[in-house]
Each structure stands twice: as structure tokens, then as C-alpha cells.
Amino acid sequence: SKAGFKVGVEKGKLIIKEKKIIKAGEKISEDLANALQKLNIRPVKIGLNVNYSIDLKNKKVYKNIIINKEEEKEKLSIASRRALALALGINYICRETIRELISKAVINANALFKKIS
């Protein structure tokens, strides 16, 4: 399309064939803005506000919970890095580890080849 994203028709409905048509912080072209407006697609901010928490084991309800967003983002980042390190340590193959595992295998194969040559 002129707006820069792929469209198609399925079961008589117009569909956008891409999950993301713009990245965070990217400037939206006038053509894209017009196309999105015609399709009634509007930006949405996604978030989570936790007002209450229930501890079923101890039968307690916690109210007025205050979450430090920056602290929680840092905890998630640390947990993500630890999970990746664990996955690499046990040679778990997935999209996030495959490149590094292949690199490690090539290095080990080259070292082994040098030892036996």
C-alpha cells in the first residue's frame, strides 16, 4: 500500500498482514497516518495498575499497592539476563540462544581440530 504496510482480503474483510506497522519512537508518515485514520486504528498505551493483591495462602488482602516502575523494570531485566545465562549454560536451543550456541560449537570444534591435528 502507499502507506507502507501489506494488506489483503480474507473472508471478505480487509486485513493488515503485519503485526507491527511502526516501531516505538518512529515518525509516522502522512500517508500512514491517513490510512490508519481511515481504518479507525488509534494508538493505545498499554499498562497495568495494581490496586489490590490477594494472598490466598495466608488469607490476606493488600490495598493501595505502590509499585516502583523503574525498580520493577530493572528486576525484569536482571531476571531476563539470568534466564538467558541459564539457557546458554544448559545448551537450551531457542530463538534467543541459537546464534551463541552455534558460535560456541564452532569455537569448540576448531579447538578440538587443532588439538588432534
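Here the structure is a predicted model, which is why all the values come from computation and not from measurement. (Residues numbered from 1 in each chain as written. Predicted model: local features only at pLDDT ≥ 70, side-chain atom pairs only at ≥ 80, totals over all residues. Heavy atoms only, no water.)

Another point: the overall build of the protein chain. The secondary structure content of the protein chain amounts to 3 helices and 4 strands. Of the regular secondary structure in the protein chain, the N- to C-terminal order runs β-β-α-β-β-α-α. Taking 2.2 N^0.38 as the reference for a compact globule, 117 residues should give roughly 13 Å; the C-alpha atoms of the protein chain span a radius of gyration of 24 Å, well beyond that estimate. Dimensions of the protein chain, computed from the C-alpha atoms along their principal axes, are close to 65 × 55 × 30 Å. The buried share of the protein chain, taken over its 117 residues, is 9%. (Helix = DSSP H or I, 4+ residues; strand = E, 2+ residues; numbered from the N terminus. Rg over C-alpha atoms; globule rule 2.2 N^0.38 Å. Buried < 20%, exposed > 50% of the residue type's maximum accessible area, 1.4 Å probe, protein only.)

On the surface, V7, V9, L14, L39 and I41 cluster together into a nonpolar patch covering about 430 Å² of accessible area. Mapped onto the fold, V7 is located in strand β1 (residues 7-10). A relative accessible area of 36% means that V7 is categorised as partly exposed. (Patch = residues over 30% accessible without salt bridge, like charges linked within 9 Å, V, L, I, M, F, W, Y side chains within 5 Å. Areas by Shrake-Rupley, 256 points an atom, 1.4 Å probe, with all protein chains shown as cover. Salt bridge = Lys/Arg side-chain N within 4 Å of Asp/Glu carboxyl O.)

Right, let's talk about the pattern of salt bridges for a bit. Taken as a whole, this structure holds 5 salt bridges when the rule is applied. Note that E70 and K73 form a salt bridge whose closest N and O atoms lie 3.8 Å from each other. Residue E70 and its partner K73 are both found in helix α2 (residues 69-89); the two are separated by 3 residues, about one turn of the helix. When the shortest N-O distance is used, the salt bridge between K75 and E71 registers 3.6 Å. Of the two residues, K75 and E71 are both situated in helix α2; the distance of 4 residues between them amounts to about one turn of the helix. For E71, a relative accessible area of 41% puts it in the partly exposed group. It is possible to trace a salt-bridge network through shared partners that takes in E71, E72 and K75.

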